[in-house]
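Inside the fold
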Amino acid sequence: MIRRPDAIRGATIVGTGMYVPDRVLTNADFERMVETSDEWIRERTGIVERRIARPDQASSDLALIAAQHALESAGLTAADLDQIIVATTTPDRILPSCACTLQAKIGAVNAAAYDVFAACTGFIYGLGLARGVIGTGIADTVLLVGVEMLSRIVDYTDRNTCVLFGDGAGAAVLRPCGPEDGILAVSIHSDGVLGDLLEVPAGGSLRPASAETVRDRDHFIKMRGRELFKVAVRGMEDSLRQALDRAGLSVGDLDLVIPHQANQRIIDATRERLGVPADKVILNIARFGNTSSASIPISLDEVQRQGRLKPGDHVGFVAFGGGATWGATVTRWTMPAPRRSQPVAAPGAEAEPQAAAPSPVRGTGS
Ligand code: UT7
């Protein structure tokens, strides 16, 4: 007999988790590596420090810990998962997908697994996908992870980009819910004409790895920051307004906004254009820098564990990233607040002792 869901179901987040590596790279460390200053980085970006993975860690290792926390908070096991979606720009390898590697590591024996490449908007794209597959009955339980090890594709001689990015992972488990709850609306967009504003020029089918691409440092991120800045603010504002409109809500109905942490000035400008009070907008860029697709789920796990969300709250996620991609979702929150809120780390609080001299970040065993 053909089995169809009776109606389109809602999809809601039932568990959250995050993981960031212990190693901290501070603005003072960058002062010893490139021509920059703590003052410039703080004023232009809001970043104080960022986390950097160990040489023996890969993206799937960060994703694994975040995913285990999310499953634990959902009260589920890996065997319960029907799908694993990993949003990342820095998979362990191009083949197989990071999601398949995670599927094996976590033991999700019943899950399909695949990656989403939408740069910093990856988690929002993933929420749209998860809502689609749950809503149509293709899957009941979906693990969505945003994970990045941008330290592996950042050029630590390029001051325009190296101070911005950090490593980390955030995860959410989604399950069906009533159509009035969970992810109410999704607004996702792209404009490939803007592709070269943020790119890794080599290493794909266009320019495979060669001695020349390595020599020219073309396996690292290249960014035209000033141009991205303007389109980011406009794209984030427009997509959040569109998601609210689709949900039948207005800006004033939002209890919390969790923006992608690209730059504090981008977040402030977007907030001002939307007219959202500052105390409703989550900012943790000072502690983690820009972790691309991981930044929203990391922030989400922090606010959930702090007890800042309660059932019935309306929360907006909004992001902009390479591609260009941008988008927003509006969710009616359903997870209960934890019985006791858990503190989050202040900048430097979990820092490992730093080496006296600035050390290269990758490939030296340091
Ligand atoms: O994650 C989503 C995608 N990423 C983004 O959306 C990033 C968007 N862009 C930005 O966040 C900002 O554009 C940056 C933080 C990257 C740069 O800030 P800005 O205020 O737009 O600076 P700018 O590019 O206009 O550069 C100002 C000056 C330049 O010097 P000149 O040409 O005016 O002499 C840069 O060379 O600042 C210089 N500069 C630096 N100085 C000290 C650039 N990076 C640094 C640095 N330290 N690290």
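That block above? That's the structure.
In this text, all values refer to a predicted model and were calculated from it rather than measured experimentally.

**Looking at the sheet that holds strand β12 (residues 314–321)**
Taking strand neighbours across the sheet as the criterion, the 4 strands line up as β8-β13-β12-β11 in an open arrangement whose pairing is mixed. With one partner strand each, in any of the chains shown, β8 (182–190) and β11 (256–259) form the two edges of the open sheet. On average, each strand axis in the sheet is tilted by 10° relative to the strand beside it, whichever way the strands run. Summarising the sheet, β11 and β12 pair through 4 bridges and their orientation is parallel. Looking at β12, one finds that P259 is bridged to V318. Lying over the sheet, helix α5 (residues 122–135) contacts β8, β12 and β13 (325–332), oriented at roughly 125° with respect to β8.

**Some remarks on the sheet that holds strand β7 (residues 167–177)**
Ordered by their spatial adjacency, 5 strands build an open sheet running β1-β7-β6-β4-β5, and the pairing between neighbours is mixed. The sheet terminates laterally at β1 (10–19) and β5 (112–116), the two strands that pair on one side only. When the angles between neighbouring strand axes are averaged without regard to direction, this sheet yields 20°. As paired elements, strand β4 (residues 83–87) and strand β6 (residues 142–149) share 5 bridges and run parallel to each other. Across the sheet, residue A87 finds its bridge partner in β6, namely G146. Packed onto the sheet, α5 meets β1, β4, β5, β6 and β7 and runs at close to 165° relative to β6.

**A few points about the packing of helix α8 (residues 225–247) against helix α9 (residues 264–274)**
It is the contact of α8 with α9, at a shortest axis distance of 9 Å, that shows an interaxial angle of 40°. Comparing their axes, α9 and α8 come out oblique. Crossing angle aside, the handedness with which α8 passes α9 is right-handed. Residues F229, A232, V233, M236, E237 and L240 of α8 form the contact with α9, whose participating residues are I266, A269, T270, R273 and L274. For the contact of α8 with α9, a count of residues per class yields 8 nonpolar, 1 polar and 2 charged.

How each quantity is defined
Residues numbered from 1 in each chain as written. Predicted model: local features only at pLDDT ≥ 70, side-chain atom pairs only at ≥ 80, totals over all residues. Pairing = 2+ DSSP bridges. Helix = DSSP H or I, 4+ residues; strand = E, 2+ residues; numbered from the N terminus. Axes fitted to C-alpha atoms, helices over the stretch in contact; angles between N-to-C directions. Contact = placed C-beta atoms within 7 Å. Parallel < 35°, antiparallel > 145°, perpendicular 65-115°, else oblique. Left-handed = near helix turned anticlockwise from the far one by under 90°. Nonpolar A, V, L, I, M, F, W, Y, C, P; charged D, E, K, R; others polar.

Keep in mind these numbers describe shape, not what the thing actually does.
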